Amino acid sequence: MCDITAISNSEFLVIERDGNFGSQGGIKKVYRINLSNATDVNGPDINAVDGMKVNGKALEQCSWDEITNAGIKTITKTLAVDLVARLGYEHDKFEGIVYLGNNKLAVFNDDDFGVVDDGNGNPKAKILPKTGKVDKGTMYVVDIQ
């Protein structure tokens, strides 16, 4: 299980999430990204340690204008599924996805063994606000776009 899974040599599914419960406005989305038209930013040769630079700076130091003016093409990103909208996903986080083929995705929540810190360094049950039940490991299978 992981936060990214391959669909093909150039397409991947990636997780975008926060730590809020789905029923409390949490973001729980999976995006399809495509690398096929993106610029290879590894660097000028196969042994480049620092990767491509623009104006002598690492890409993460560059402004969007510098990146586009350098002709760098980014990946494409489209929403594959919003788990809160589609499933009413109530957990605070999910960490594992597995592409099953035929536009089906298995999604696994991270239940933290049903335990959280009570704020004083003591364990307490991790309660889902929507149901009032202790969080537990769950697998969902969902259709993606």
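Residues numbered from 1 in each chain as written. Predicted model: local features only at pLDDT ≥ 70, side-chain atom pairs only at ≥ 80, totals over all residues. Heavy atoms only, no water.

**Q** Explanation requested: the overall build of the chain in the structure shown.
**A** Along the chain, the regular secondary structure elements total 2 helices and 11 strands. The N-to-C order of helical and strand elements in the chain reads β-β-β-β-β-α-β-α-β-β-β-β-β. Radius of gyration (C-alpha) of the chain: 19 Å, far over the 15 Å computed for a compact globule of 145 residues. Taking the principal axes of the C-alpha coordinates as reference, the chain spans close to 55 × 45 × 25 Å. Within the chain, buried positions represent 32% of all 145 residues. (Helix = DSSP H or I, 4+ residues; strand = E, 2+ residues; numbered from the N terminus. Rg over C-alpha atoms; globule rule 2.2 N^0.38 Å. Buried < 20%, exposed > 50% of the residue type's maximum accessible area, 1.4 Å probe, protein only.)

**Q** Just to check I follow, could you spell out the side chain of Asp92 for this structure?
**A** Mapped onto the fold, Asp92 is located in the loop between helix H2 (83–87) and strand E7 (94–101). Residue classification places Asp92 among the buried positions, given a relative accessible area of 9%. Here the side chain of Asp92 touches Lys126 through a polar contact of 2.8 Å, side chain to side chain. Excluding anything up to four places from it in sequence, Asp92 contacts Asp18, Gly19, Asn20, Phe21, Lys28, Asp110, Asp112, Lys126 and Asp135. (Polar contact = N/O pair within 3.5 Å; in protein donor to acceptor, adjacent residues only side chain to side chain. Contact = heavy atoms within 4.5 Å.)

**Q** Sorry, what's going on with unusual backbone geometry here?
**A** Trans peptide bonds make up the majority, and among non-glycine residues the majority have a negative phi. Residue Asn102 is not a glycine yet carries a positive backbone phi of 50 degrees. Looking at the element boundaries, Asn102 is found in the loop between E7 and strand E8 (104–109). A positive phi angle is found at Asp112, which is not glycine, with a value near 55 degrees. Within the fold, Asp112 resides in the loop between E8 and strand E9 (115–117). Of the residues examined, Asp112 reaches a relative accessible area of 24% and is grouped as partly exposed.

**Q** Would you explain the side chain of Asn34 in this entry?
**A** Within the secondary structure layout, Asn34 lies in strand E3 (residues 28–34). Only 2.6 Å separates the side chain of Asn34 from the side chain of Ser36, close enough to count as a polar contact. The contact partners of Asn34, leaving out residues within four places of it in the chain, are Ser10, Glu11, Ile75 and Thr76.

**Q** Whenever I open this one, the nonpolar core confuses me. Can you help?
**A** One broad rule of soluble globular proteins: the nonpolar side chains tend to lie buried together. With 13 residues, the main nonpolar core has Leu13, Val30, Leu83, Phe94, Ile97, Leu105 and Val107 as its most contacted residues. Contributions of two or more residues to this core are made by strand E2 (11–17), strand E6 (76–82), E7 and E8. If we skip the residues at most four places from it in the chain, Phe94 touches Ile15, Glu16, Arg17, Lys28, Lys29, Val30, Leu83, Tyr89, Val107, Phe108, Asn109 and Asp110. Counting 5 residues, the second-largest nonpolar core is a separate cluster that includes Val54, Leu59, Cys62 and Ile72. (Core = buried A, V, L, I, M, F, W, Y, C linked by side-chain atoms within 4.5 Å.)

All quantities given are derived from atomic positions and should not be read as evidence of function.
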